[in-house]
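# Structural features, examined
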Amino acid sequence: MRFGAIPYRWVIAVTLFVAYSIQYLDRVKTNVLNPVIAHDVGLSTADLGTGAFLMLLFYGPSQYVSGILTDRFGAKRILIFSVIAWSIMTAWMAHIQTRDEYFFRMALFGALVGTEYVPSARILMRWFNKEGRARAQALLSWAWILTPAWASVFATQFAHAAGDWRIVFYVTAAFGVVPLLMIMLMIFDRPEQFKGATPKDLEYAYRDEIERGEIRVGHYQDVEAKARASGGIRFVDLFKSRSYIAVVVVDIVMQITLYGALTWIPLYLSDVFHFKLQEMGLWSGLYFAAGAIGSFTSSYLSDKVFRGNRRIMILACFVGLAPFVFLLARLNEADPTMLAICLCGMGFFGNMAWGPFLTVPAEIFSPEVYGKAMGFVNGAGYTVAAFSAKIFASLVVVTSTGKDYSNGWLFIGACVLVGVVAASFIKTRENEESQPAGNPAVIKVG
């Protein structure tokens, strides 16, 4: 079925993007409002680092658990739970009064809301084949790239106008009804579950499996049941693929970079450049606006120009990002032009890898086991990123004239260089020079 002139798979992709964007509001507005939250609640820079650490520490394992639950019970059910939990956690933030309450809320938020990404990506991996997956995934990635570009401005301007940061959390908590209704009415786990799906829609979704001889045209109803009956793939078998291990490392670097930007750019702008609350949101938005452009550009090239060779654009991400991170580490004076160049360069290159690398587990193994495979990838990424927040905080030097963030940015730059090495090992099934015999990734369902 087509939604006007648009295939319904893109309606699915846009719906998931909108729903995820609303859920992502909490992290964006919390980070950009951290300076005023810290002043009101009595939090130090180290406390903010601990809060980010706790959120990510529990968010990581939640990714893996949600992946297993998604493969077992279906993505839509997990998404509905995630939205309800998000609304409750967002409203709770408005009631925080002490440091201990803040820590407990951040930990619980991570555990409950770490259920939104894997089910969303799992749905896209099934509705799209390899010719469109990177672009679909890039659109979903706009939820955490583009949302900060406008949400930073929204949160700071709203808080400034209201004279109270807490009202921002009450209002956005009410937004949860929007993604809840969208998911309930418009999302389907699989194309064959959608009554309006045409044979062309189904053939498109299963084209990769059809070309590999794993299923036959028209035989789609039993795919899920047979995949479950086969037992999927064992956890230990994931690590028999060198490319999968490389993806785990790439995700770790990407999460460190993303949360370095989300957590520390607002504080960096406030402490080093002494920007006011309203200015800080606008400057932070430069990074994320450039990131949205970089993400979709690289994904289009990965799908259409490089024909599913994901490694090229992932390498381009890290190679292009490194110089801007190191430049930002040296930028300790208010030079608006250089600051804008750094933020735009970091945003553009730092987000190029999302679409390409997040498709890789589905192409190494199968969309049928994507939940488990991607759940561990994201779980590892967020868990290590949790410790990176503590590391960055410890590297911020407090001097008689202010705070120096240079060592923190140098730490992120070193992580980016690790990403360059890891990306060089990524190959998908279609790009492998040889496929080991008896690869457990292949699930015969036809």
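Residues numbered from 1 in each chain as written. Predicted model: local features only at pLDDT ≥ 70, side-chain atom pairs only at ≥ 80, totals over all residues. Heavy atoms only, no water.

### Quick word on a nonpolar patch on the surface
Note the cut-off: Only residues whose relative accessible area exceeds 30% and that form no salt bridge are eligible for patches; like-charged ones are grouped when within 9 Å, while nonpolar side chains (Val, Leu, Ile, Met, Phe, Trp, Tyr) are grouped when within 5 Å. With residues, only the protein chains shown are counted as cover, and all accessible areas are computed by Shrake-Rupley using a 1.4 Å probe. By salt bridge we mean one thing: a side-chain nitrogen of Lys or Arg within 4 Å of a carboxyl oxygen of Asp or Glu. Secondary structure counts use DSSP, requiring at least four H or I residues in a row for a helix and at least two E residues in a row for a strand, with both numbered from the N terminus.
A cluster of nonpolar side chains, contributed by V177, V178, L181, M184 and L185, occupies part of the molecular surface with about 460 Å² of accessible area. Its location among the elements puts M184 in helix α9 (residues 177-186).

### Overview of the nonpolar core
Rules: For our purposes a nonpolar core is just a set of buried Ala, Val, Leu, Ile, Met, Phe, Trp, Tyr and Cys residues, chained together by side-chain atoms within 4.5 Å. A simple rule labels every residue: compare its accessible area, found with a 1.4 Å probe on the protein chains alone, to the largest value its type can have, and call it buried under 20%, exposed over 50%, or partly exposed in between. Whether two residues touch is decided by their heavy atoms; if any such pair falls within 4.5 Å, the residues are in contact.
Membership of the largest hydrophobic core comes to 142 residues, with the highest contact counts inside it found for Y117, W144 and W409. Residue contributions to this core peak at 19 residues, all from helix α14 (residues 242-272). Here W144 is in contact with Y20, Y24, Y117, Q137, L258, F288, W354 and L358, once residues within four sequence places are set aside.

### Structural notes on helix α4 (residues 75-93)
Selection rule: Here, expected helix span is obtained from the residue count minus one, scaled by 1.5 Å.
Along its 19 residues, α4 runs 27 Å from first to last C-alpha, staying within 8% of the 27 Å computed at 1.5 Å per residue. Along α4, the residues classified as buried are A75, I78, L79, S82, V83, A85, W86, S87, M89, T90 and M93.

### Details of the confidence of the model for the protein chain
So the rule is basically this: The pLDDT score gives, residue by residue, the confidence of the prediction method on a 0 to 100 scale.
When the pLDDT values of the protein chain are averaged, the result is 85; 91% of them are 70 or greater. Contacts of residues 432-446 to residues separated by more than four positions or lying in other chains number 27 contacts, the stretch itself having pLDDT below 50.

### Observations regarding the pattern of salt bridges
The tally for this structure, following the rule as stated, stands at 16 salt bridges. Close ionic contact of R126 with E209 constitutes a salt bridge, the shortest N to O distance being 2.8 Å. Placement of R126 in helix α6 (residues 117-127) and of E209 in helix α11 (residues 207-211) is noted, with a sequence separation of 83 residues between them. A residue is classified by how much of its surface remains accessible, and R126, at 0% relative accessible area, is buried.

### Digging into the packing of helix α1 (residues 8-32) against helix α8 (residues 166-174)
The following threshold applies: Geometry is summarised by axes, namely lines fitted to C-alpha atoms with helices restricted to the contacting stretch, and by angles between N-to-C directions that run from 0 to 180 degrees. Throughout this description, any angle smaller than 35 degrees is read as roughly parallel, any larger than 145 degrees as roughly antiparallel, any in the 65 to 115 degree range as roughly perpendicular, and the remainder as oblique. Each residue is assigned to one of three groups, with Ala, Val, Leu, Ile, Met, Phe, Trp, Tyr, Cys and Pro labelled nonpolar, Asp, Glu, Lys and Arg labelled charged, and all others, Gly among them, labelled polar.
At a minimum axis distance of 10 Å, the contact between α1 and α8 shows a crossing angle of 170 degrees. Relative to α8, the element α1 is oriented roughly antiparallel. Contacts between α1 and α8 involve L25, D26, K29 and T30 on the former and, on the latter, V168, F169 and T172. Tallied by class, the residues present in the contact of α1 with α8 amount to 3 nonpolar, 2 polar and 2 charged.

### Looking at the state of the cysteines
Cut-off, in case you're wondering: Any two cysteine sulfur atoms lying within 2.5 Å of each other are counted as a disulfide.
A full pass over the atoms with the stated rule returns 0 disulfides. Of all cysteine sulfurs, the one in C415 lies closest to C317, which takes part in no disulfide; the gap is 13 Å. By relative accessible area, C317 is classed as buried at 0%. Note on C344: no disulfide assigned, nearest cysteine sulfur contributed by C342 at a separation of 9.7 Å. A relative accessible area of 30% places C344 in the partly exposed class.

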